[in-house]
Amino acid sequence: MNEIQRECFCCLKKYHRAFLSTHPESLVIFHLKNIFLQTIEKTGAEMWTENNRVVCMMILLGNLLEALKKKHLRHFFMRSCNLFGAHQIENPEILESLVGIIEKIMENPMQFSKELIQEDIFSSLPTNRCATPNTSNPPKAMKTPKPERKS
């Protein structure tokens, strides 16, 4: 996975947390991962460059919108499994309501991006969490047990 792919996926998750989370949960991060992997497979890795960042994000949102409209999202690895099937989603009607939200996001992505920033949804997270590792609390080195000494 390249840096642009990682950042686009993080952005998709931010949109999910801010605008697409529901109770009961219907659309979850696992669904987004499958959309993401399928999109990379369709577009090819060469598409995911700095110059195409916005285009890639719109393709991701478009693929999510299409899956929601059809109520069909195939599992990336088990292709015969529909993740939006009747047995998979507790409340399928919620998926329909998400269609309108995603359409609005796609009509005016800058406005929704500004709302993410203005609402300070991610105030507890670093602004570029996906691209930069958190070094404020580095992991402590593991201690290896000393071998027992025989007397």
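In the annotation of an unreviewed UniProt entry, the protein chain is listed under the name Mab-21-like HhH/H2TH-like domain-containing protein and assigned to Desmophyllum pertusum. For the record of the protein chain, the UniProt heading Cofactor (unreviewed entry) holds the text "Mg(2+)".

(A) Representation of the pattern of salt bridges in the model. Evaluated as defined, the whole model comprises eight salt bridges. Put simply, Glu-41 and Arg-79 hold a salt bridge, and the shortest N to O gap is 3.1 Å. Placement of the pair is Glu-41 in helix H2 (residues 29-43) and Arg-79 in the loop between helix H3 (53-70) and helix H4 (92-107), with a sequence separation of 38 residues. For Lys-70, the salt bridge identified is with Glu-66, shortest N-O distance 3.0 Å. In this pair, Lys-70 and Glu-66 both sit in helix H3, four residues apart, roughly one turn of the helix. Bridged by salt links that share partners, the residues Glu-7, Glu-50 and Arg-53 form one connected network.

(B) Highlighting the packing of helix H1 (residues 3-20) against H2. Orientation of H1 relative to H2, taken along the N-to-C sense of each, is 145°, at an axis distance of 11 Å. Crossing geometry of H1 relative to H2 is assigned as right-handed. On H2, the residues that touch Gln-5, Phe-9, Leu-12, Lys-13 and His-16 of H1 are Ile-29, Leu-32, Lys-33, Phe-36 and Ile-40. The class makeup of the residues in the contact of H1 with H2 is six nonpolar, two polar and two charged.

(C) Representation of the environment of Trp-48 in the model. Within the secondary structure, Trp-48 sits in the loop between H2 and H3. Not counting residues within four places of it along the chain, the set of residues in contact with Trp-48 comprises Asn-2, Ile-4, Gln-5, Cys-8, Phe-36, Thr-39, Ile-40, Thr-43, Cys-56 and Leu-60. Only 2.9 Å separates the side chain of Trp-48 from the side chain of Thr-43, close enough to count as a polar contact.

(D) Structural context of the packing of H1 against H3. Orientation of H1 relative to H3, taken along the N-to-C sense of each, is 50°, at an axis distance of 10 Å. Relative to H3, the element H1 is oriented oblique. The chirality of how H1 crosses H3 is right-handed. Judged by residue contacts, Ile-4, Glu-7, Cys-8, Cys-11, Leu-12, Tyr-15 and Leu-20 of H1 engage Arg-53, Cys-56, Met-57, Leu-60, Leu-61 and Leu-64 from H3. A per-class count over the contact of H1 with H3 returns eleven nonpolar, no polar and two charged.

(E) Layout of H2. Taking 1.5 Å of rise per residue, the 15 residues of H2 would be expected to cover 21 Å, and the 21 Å separating its terminal C-alpha atoms lies within 8% of that figure. Among all positions of H2, only His-31, Leu-32, Asn-34, Ile-35, Phe-36, Gln-38, Thr-39 and Ile-40 are buried. The secondary structure elements touched by the buried residues of H2 are H1 and H3. Gly-44 lies just past H2 and shows a positive phi near 85°.

(F) Just the confidence of the model for the protein chain, in detail. With 74% of its residues at a pLDDT of at least 70, the protein chain reaches an overall mean of 79. At the level of individual helices and strands, the protein chain shows its lowest average pLDDT in helix H5 (residues 109-118), which scores 80, and its highest in H2, which scores 95. Every residue in residues 128-148 is under pLDDT 50, and counting partners more than four places away or in other chains gives seven contacts.

(G) How the structure looks around the packing of aromatic side chains. All chains considered together, the criterion is met by five aromatic pairs. Seen in terms of ring centroids, Phe-9 and Phe-36 are 5.0 Å apart; in terms of plane orientation they differ by 40°. Their pairing is tilted. Within this pair, whereas Phe-9 is found in helix H1, its partner Phe-36 is found in helix H2, the two being separated by 27 residues in sequence. For the pair shown, Phe-9 and Phe-36 are each scored as buried.

The rules behind the values
- Residues numbered from 1 in each chain as written.
- Predicted model: local features only at pLDDT ≥ 70, side-chain atom pairs only at ≥ 80, totals over all residues.
- Heavy atoms only, no water.
- UniProt positions renumbered as here; feature names shortened; annotations may be inferred.
- Salt bridge = Lys/Arg side-chain N within 4 Å of Asp/Glu carboxyl O.
- Helix = DSSP H or I, 4+ residues; strand = E, 2+ residues; numbered from the N terminus.
- Axes fitted to C-alpha atoms, helices over the stretch in contact; angles between N-to-C directions.
- Left-handed = near helix turned anticlockwise from the far one by under 90°.
- Contact = heavy atoms within 4.5 Å.
- Nonpolar A, V, L, I, M, F, W, Y, C, P; charged D, E, K, R; others polar.
- Polar contact = N/O pair within 3.5 Å; in protein donor to acceptor, adjacent residues only side chain to side chain.
- Parallel < 35°, antiparallel > 145°, perpendicular 65-115°, else oblique.
- Expected span 1.5 Å × (residues − 1).
- Buried < 20%, exposed > 50% of the residue type's maximum accessible area, 1.4 Å probe, protein only.
- pLDDT = per-residue confidence, 0-100.
- Phe/Tyr/Trp six-rings, centres within 6.5 Å; stacked < 30°, edge-to-face > 60°.

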